Amino acid sequence: PILTNGIVEMGGASTQIAFISTDPDANVHRFRLAGKSYNLVAESFLGLGQTQALLHIAAMNDKSNAIAACMPNDYHYSIANKRGTGHFHAKRCRQLVRQYVVKFKLHQHIGDLEPGTQFSALSGYYYTFNFFDAQSGLATLAAASERTCNLPWRHLQQQYPDEKPARLAKRC
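Residues numbered from 1 in each chain as written. Predicted model: local features only at pLDDT ≥ 70, side-chain atom pairs only at ≥ 80, totals over all residues. Heavy atoms only, no water.

Visitor: Tell me about the sheet that holds strand S2 (residues 14–20), residues and numbers included.
Guide: Pairing is mixed in the open sheet, where five strands are placed in the order S3-S4-S2-S1-S7. Since the sheet does not close on itself, it has two edges, and those belong to strand S3 (28–33) and strand S7 (118–122), each with one partner. Across the sheet, the mean angle from the axis of one strand to that of its neighbour is 25°, orientation sign disregarded. Both S2 and strand S4 (residues 36–46) contribute to a ladder of seven bridges, which runs antiparallel. For Thr15, the partnering residue across the bridge sits in S4 and is Phe45. (Pairing = 2+ DSSP bridges. Helix = DSSP H or I, 4+ residues; strand = E, 2+ residues; numbered from the N terminus. Axes fitted to C-alpha atoms, helices over the stretch in contact; angles between N-to-C directions.)

Visitor: Mind laying out the nonpolar core, listing which residues take part and the relevant values?
Guide: Ranked by internal contacts, the top residues of the largest apolar core, which has 38 residues, are Ile67, Met71, Tyr77 and Phe132. When sequence neighbours within four positions are dropped, the list of residues in contact with Tyr77 reads Asn65, Ile67, Ala68, Met71, Lys82, Arg83, Gly84, Thr85 and Gly86. (Core = buried A, V, L, I, M, F, W, Y, C linked by side-chain atoms within 4.5 Å. Buried < 20%, exposed > 50% of the residue type's maximum accessible area, 1.4 Å probe, protein only. Contact = heavy atoms within 4.5 Å.)

Visitor: Describe the state of the cysteines, listing the residues and the values that go with them.
Guide: A full pass over the atoms with the stated rule returns two disulfides. The disulfide partner of Cys70 is Cys93, and the gap between their sulfur atoms is 2.1 Å. The disulfide joining Cys70 to Cys93 has a torsion of about 115° about its S-S bond and is therefore right-handed. Taken together, the residues Cys70 in the loop between helix H1 (50–60) and strand S5 (76–79) and Cys93 in helix H2 (residues 90–101) connect sequence positions 23 residues apart. Just as Cys70 is buried, Cys93 falls in that class too. For Cys149, the disulfide goes to Cys172, at an S-S distance of 2.0 Å. One disulfide, between Cys149 and Cys172, carries an S-S torsion of -100° and so falls in the left-handed class. Pair noted here: Cys149 is in helix H5 (residues 138–149) and Cys172 is in the segment after helix H7 (165–171), with a separation of 23 residues, a long-range link. When sorted by exposure, Cys149 lands in the same class as Cys172, which is buried. The connectivity of the disulfides in the protein is 1-2, 3-4, where the numbers refer to bonded cysteines in sequence order. (Disulfide = S-S within 2.5 Å.)

Visitor: Outline H1, supporting the account with residue identities and numerical values.
Guide: Among the residues of H1, Ala53, Leu54, Ile57 and Ala58 are the ones counted as buried. Buried residues in H1, looked at end-on, bunch into an arc of 130°, giving them a common side. Those residues of H1 that are buried lie in contact with S5, strand S6 (82–85), H2 and H7. (Arc of directions from axis to C-beta.)

Visitor: Tell me what's going on with the packing of H1 against H2, and back it up with residues and numbers.
Guide: Two elements in contact, H1 and H2, have axes separated by 10 Å at closest approach and are oriented at 100°. Here H2 runs roughly perpendicular to H1, going by the angle between their axes. Across the interface between the two elements, Gln52, Ala53, His56, Ile57 and Met60 from H1 touch Leu96, Val97, Gln99 and Tyr100 from H2. (Parallel < 35°, antiparallel > 145°, perpendicular 65-115°, else oblique.)

Pasting the structure below:
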């Protein structure tokens, strides 16, 4: 296997991913650099950005305010014409996100990852991992977000006075 790092970047509307692949079924872009040939997988997923995902998750669950599970406790939100109060529930929020993300059929677009491929996170991913001090991975991120987002909204605001309220709420 080729040991490389990939990148993943999330903005408000989309997520991009790029990495070197030897998967013959992957949608690759072939290029040469410094005399070596590479197969680069580079994809953009419009709708998979943080803001768009929240809007779509709220709209998917039309008859309920399921999105409340992804909002900090006691946070008053208005998303996709839904108003409510956050009741953070990590497991339910992960289910909602997974339900939305699966629609993108990521594996069909990017193929199999090389064993040991590591990713550098940019933009929204970087800020979220950094906010929760979770550079060691997803398990650390999950535990830290659960601890933090289960706090009442007023406590979060007191604990993070320099964070803009809208941005602080989206951390969860």
